[in-house]
Amino acid sequence: METFKQITDVFNWLESTGILAALVALILVVVKQVQPYLKLHVKNKQLSQVVQFALTTVTKFATLEGLSKSDRKKAADKDVAGFAAQLGLTWVTPEIVDSIVEAAYQQFKKLGYDNHAPKTSPEPTENSATPQTPESSAEQNAQSSASKPESASQPASQAPQSAQPAVKSGSDQHA
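Residues numbered from 1 in each chain as written. Predicted model: local features only at pLDDT ≥ 70, side-chain atom pairs only at ≥ 80, totals over all residues. Heavy atoms only, no water.

## Examining the overall build of the chain
Stage number 1. Each helix and strand counted, the chain has six helices and zero strands in total.
Stage number 2. Starting at the N terminus and ending at the C terminus, the chain contains elements arranged as α-α-α-α-α-α.
Stage number 3. Out of the 175 residues belonging to the chain, those deemed buried represent 12%.
Stage number 4. At a minimum sequence separation of 6, the contacts of the chain that also span at least 24 residues come to 60%.
Stage number 5. Element-wise, carbon and sulfur atoms account for 60% of the exposed surface of the chain, whose accessible area totals about 14600 Å². (Helix = DSSP H or I, 4+ residues; strand = E, 2+ residues; numbered from the N terminus. Buried < 20%, exposed > 50% of the residue type's maximum accessible area, 1.4 Å probe, protein only. Contact = heavy atoms within 4.5 Å. Areas by Shrake-Rupley, 256 points an atom, 1.4 Å probe, with all protein chains shown as cover.)

Below you can see the structure in the form of C-alpha cells.
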C-alpha cells in the first residue's frame, strides 16, 4: 500500500506544478511532428515491396513464349494488383500498378534480360545469292544517282565551301 501512496503523491506533485501538463503537451507535439514522417516511411517501404514484386513478375512473364506483349503486360498488372490487395495497400490504383509494371519492364530491359528482340530473317547464303562485285555496285550507284531529280544533285561548283577561312576586315586585323 505504501508504494501506491508514493506513486499518487508523485502524480499529484507533477500535476500541481504543471510538469504533467507540459509532458503531455510535449508528447502530443512530438507525435504530431513524427507522424507524417512515419507515414511516408511506411509508404516508401510498401512501394519498394510492390516495385520488387513487379520486377519479379515482369521477369517471370517476360520469359514465357506463348504470351503476346500485351498479354504479358495484362498478366503482370493483374499479379501486381493482386499482391498490393493482398498486402492491404488501398492507395495502389490501377494507374500506379501500370506505371510500376512499365518501370519494372524498362529496368528489366536496362539490365539486358529482355529476350524479345525483333526477329530478323536469316542471312542469305553465298550459293543462293550472286556475289556483288565492285563493278556491279558501281553500276547500282550510277543507276540510283541517275534516277534523282536534277534539283537534288548540285554541281560541285555550287556546293558551299565552309573550309575556307573568313577574310578579316581592316578593323578585325588590329583587334
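## Examining helix H1 (residues 2-17)
In an α-helix, one turn spans 3.6 residues, which is why side chains three or four residues apart end up on the same side.
Stage number 1. Here H1 spans 23 Å end to end across 16 residues, near enough to the 22 Å set by a 1.5 Å rise per residue.
Stage number 2. Just downstream of H1 lies glycine 18, where phi reads positive at about 90 degrees. (Expected span 1.5 Å × (residues − 1).)

## Concerning the pattern of salt bridges
Between side chains of opposite charge, pairing is possible as soon as their charged atoms come close.
Stage number 1. Applying the stated criterion across every chain yields a total of four salt bridges.
Stage number 2. A salt bridge links aspartate 9 to lysine 5; the shortest N-O distance between them is 3.5 Å. Taken together, the positions of aspartate 9 and lysine 5, both in helix H1 and four residues apart, correspond to about one turn of that helix.
Stage number 3. You can call aspartate 9 partly exposed: its relative accessible area is 40%.
Stage number 4. Aspartate 79 is the salt-bridge partner of lysine 60, the closest N and O atoms lying 3.2 Å from each other. Residue lysine 60 is found in helix H2 (residues 19-62), and its partner aspartate 79 is found in helix H3 (residues 69-87); the two are separated by 19 residues along the sequence.
Stage number 5. A relative accessible area of 45% places lysine 60 in the partly exposed class. (Salt bridge = Lys/Arg side-chain N within 4 Å of Asp/Glu carboxyl O.)

## Some points on the side chain of threonine 57
Stage number 1. With respect to the helices and strands, threonine 57 occurs in helix H2.
Stage number 2. We classify threonine 57 as buried; its relative accessible area is 2%.
Stage number 3. Non-local contacts of threonine 57, meaning those with residues more than four positions away in its chain, are made with Ala76, Asp79 and Val80.

## What to know about the confidence of the model for the chain
Stage number 1. Across the chain, the average pLDDT comes to 76, with 64% of residues at 70 or higher.
Stage number 2. Element-level pLDDT for the chain is lowest in helix H5 (residues 134-146), with a mean of 49, against a maximum mean of 92 in H2.
Stage number 3. Scored below 50 in pLDDT, residues 144-165 makes two contacts in the model with residues more than four places away or belonging to other chains. (pLDDT = per-residue confidence, 0-100.)

## Side note on the packing of H2 against H3
The geometry of a pair of packed helices is captured by two quantities: the angle between their axes and the separation between those axes.
Stage number 1. One way to put it is that H2 packs onto H3 with a least axis distance of 9 Å and a crossing angle of 150 degrees. Crossing geometry of H2 relative to H3 is assigned as right-handed. Residues Gln49, Val50, Phe53, Ala54, Thr57, Lys60, Phe61 and Ala62 of H2 form the contact with H3, whose participating residues are Arg72, Ala75, Ala76, Asp79, Val80, Phe83 and Leu87.
Stage number 2. Of the residues contributing to the contact of H2 with H3, the split by class is 10 nonpolar, two polar and three charged. (Axes fitted to C-alpha atoms, helices over the stretch in contact; angles between N-to-C directions. Left-handed = near helix turned anticlockwise from the far one by under 90°. Nonpolar A, V, L, I, M, F, W, Y, C, P; charged D, E, K, R; others polar.)

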